[in-house]
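# Residue-level structural notes
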Amino acid sequence: MSDIAALVLAAGKGTRMHSDKPKVLQTLLGEPMLGHVLYALEAVFAEAIWIVAGHRAEMVEAAFPGRQFVRQEQQLGTGHALMSALPALQAAGCSRVLVVNGDTPLLSEDVVRTFLDRAANADVAFASITLPDAGAYGRVVREGEAVRGIVEAKDYDPAVHGPVTGEVNAGIYLIRLDVAQELLPRISNQNKSGEYYITDVVALAVQQGLEVRGITCGQDESLMGVNSPQELAAMEESLRTRIVQGLLAAGVMIHAPQLVRVAPRAVVEPGAELTGPCEIYGNSHVARGAAVASHCVLYDSSIGAGAQLRSFCHLEGATVGQGALVGPFARLRPGAELGEASHVGNFVELKKARLGPGAKANHLSYLGDASIGAGANIGAGTITCNYDGRHKYQTHIGEKAFIGSNTALVAPVRVGEGALVGAGSVITRDVPDNEMGIARGRQKNLPRKR
Ligand code: UD1
Ligand code: CA
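The shown structure was predicted, so the numbers you read here are calculated from the model rather than taken from an experiment.

### Observations regarding a nonpolar patch on the surface
Together, Phe312, Phe329, Phe347 and Leu364 make up a nonpolar patch on the protein surface, roughly 400 Å² of accessible area in all. For Phe312, the position within the fold is in the loop between strand 21 (308–309) and strand 22 (314–316).

Written out as C-alpha cells, the structure reads:
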C-alpha cells in the first residue's frame, strides 16, 4: 500500500445527532465511531492514515493522541475536506488516497482490502451499496453500466436524473492525488446544501474521460453511515450481535447472549463464561475458564484463567490473576492488580493497589496506593488513608500480615510481614515484622447509671 494513504473525513458537526459532542466521538460498544474506522484502516495502512478534524477539532484530536491530523477550519463540505488534506498527503509522497467517511463505524479490514483490489488502477473509484430506501444517501447515476455521477439526495430530481434505483454512494473513495488536485478546485457549491461535495469529483472525472469505477457492494450494511441516534443504535446493535455470535461460534459460553456487550478489540477466550447482562469494553481480556457473572462492567481489564467475577463488579484498568475470586459488588479502579487466587469481596474498592497471591480483602474496604503481600488478610472496614488533601502516599502490608477490622492505615506507613494490627486501630507509625500494633482507646467498664 506504499503509494496509497488513507484519509478519514471527521470534521463535520453531525447536526442530526443533536449532541454537543462531535459525531465521530459518539460511541458504539464503548469505542468512538472514529476509533472503529481507524481500527479497520490500521490493519491495511499502518501509519499512513490522516484524519480531517474541524468541528471541535481539539476534542477529536485529544481523543486520538499520536494520530496525524489535518485541520479543516471551516466545514464547507466533504470536497473541501479532501482539499484541505491534499498538501499533507502530497508531502507524504503518496500518489493515491483512500477517502473514508468517519461515520462508517462498521467498516472492516476485509471490506477495505476488497474495495482496494476492485478499485485497482481506476483514476476515481467509489463503493456503492443497494438499499431498499435510498434515504439521505447520494444516488449513483449510471447510463447502462457506466457511471455518470453521484447526485446528493437533496439535489436529486427524477425528471433530470431518472428514477431512483436504490444504488447509493457508501462514502469510500480511491482517488488519484493528481486527479483530486486538478478537479477539486473546479467543484462548485451551487447546490441545495451550499457545500463543496467530494461526490462531484465523480461526474467531473467522467467528463474528463478518466477511468471511473462504481464498485457495487450489494447490501453490505458495514458500509452504512451513521447520522442520527436511531442509526447509531441500530449499527451498535448489529455490531454487538456480530461480535457475540462470533464468540459463541469460537466456544465462549454465553448465557443471555442478547444482553452481552463485548467491544471489538476485547478478547474473550474460548472456554470463558459470560452471563448477561454484562459489558466488556476497550482492550479487556477474559481468559479461558474465567467467568464473568451478570451486571459486571469491564474497561481495559484483564481476567486470568479460572478467575471469577461475581455479579455487580465494576473494573477499569484492572488485572485479576488466575483463580482469583472477585465480588459481588467489587470496584477495581486503574492499577488494581490481584494476584493468583486472591479474594476481593463485597464493597471493596482498590486503586493502584497490588494484592499478593492468596491475599484476601473480603469486606467493605478501600485500598489505594498500596501493596499487600501474599497471604495477607485485610479485615472488614480497613481503609488506607492515602491522601492528605495535597499528596498521595503509599501503604505497604507485608506477607501474611493480618489487619483487624475497622482499621485506618494512615499513609505513608508499613505493616511488616506476619504483623498483626488490632481491630479498630488508627495506625500512623510502621508496625515491625511479626509484631502486633494496636492504636485505639482502651476500654473502660463503669457502673451503669439509671
Ligand atoms: C455523504 C455523501 C453521500 C453518501 C454518504 C454515505 C457527500 C456530499 N455526500 O453524505 O453521497 O451517500 O456520505 O454515508 O459527501 N465532513 C467533513 N467536513 C465537512 C463535511 C463533512 O470532514 O465539511 C465529514 C463528516 O464528519 C462525516 C463525513 O464527512 O464523517 C460525511 O459527511 P456527512 O455530512 O455525514 O455526509 P452525508 O450527508 O452522510
Ligand atoms: Ca453521513
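### Description of the environment of Tyr137
Tracing the backbone through its elements, the reader meets Tyr137 in the loop between strand 7 (124–130) and strand 8 (139–143). Between the C-alpha atom of Tyr137 and that of Glu61, which follows or precedes it by 76 residues, the distance is 28 Å. When neighbours within four sequence positions are excluded, Tyr137 is seen to be in contact with Leu131, Ala153, Val168, Asn169, Met224 and Gly225.

### Brief notes about the site of ligand 1
Around ligand 1 sit 24 residues, and of these Leu9, Gln72, Thr78, Glu152 and Asn169 come closest. Between an oxygen atom of ligand 1 and a main-chain N or O atom of Ala11, the distance comes to 2.9 Å. With respect to ligand 1, the side chain of Arg16 contributes an N or O atom lying 3.4 Å from an oxygen atom. Protein chains bury 90% of the 750 Å² of accessible surface belonging to ligand 1 in isolation. For the shell around ligand 1, the residue count by class is nine nonpolar, 11 polar and four charged.

### Here's the deal with unusual backbone geometry
The amide bond that connects Gly327 to the next residue, Pro328, takes the cis arrangement and shows omega of 5°. Counting through the fold element by element, Pro328 comes out in the loop between strand 24 (325–326) and strand 25 (330–332). Not every positive phi belongs to a glycine, and Ala341 is a case in point at roughly 55°. Structurally, Ala341 is set in the loop between strand 26 (337–338) and strand 27 (343–355). Overall, Ala341 belongs to the partly exposed group, its relative accessible area being 39%. You will see that Asp369, though not glycine, has its phi angle at about 50°, which is positive. Mapped onto the fold, Asp369 is located in strand 28 (residues 360–372). A relative accessible area of 5% places Asp369 in the buried class.

So, how was this worked out
Residues numbered from 1 in each chain as written. Chains lettered and ligands numbered in written order. Predicted model: local features only at pLDDT ≥ 70, side-chain atom pairs only at ≥ 80, totals over all residues. Heavy atoms only, no water. Patch = residues over 30% accessible without salt bridge, like charges linked within 9 Å, V, L, I, M, F, W, Y side chains within 5 Å. Areas by Shrake-Rupley, 256 points an atom, 1.4 Å probe, with all protein chains shown as cover. Salt bridge = Lys/Arg side-chain N within 4 Å of Asp/Glu carboxyl O. Helix = DSSP H or I, 4+ residues; strand = E, 2+ residues; numbered from the N terminus. Contact = heavy atoms within 4.5 Å. Near = heavy atom within 4 Å. Polar contact = N/O pair within 3.5 Å; in protein donor to acceptor, adjacent residues only side chain to side chain. Nonpolar A, V, L, I, M, F, W, Y, C, P; charged D, E, K, R; others polar. Buried < 20%, exposed > 50% of the residue type's maximum accessible area, 1.4 Å probe, protein only.

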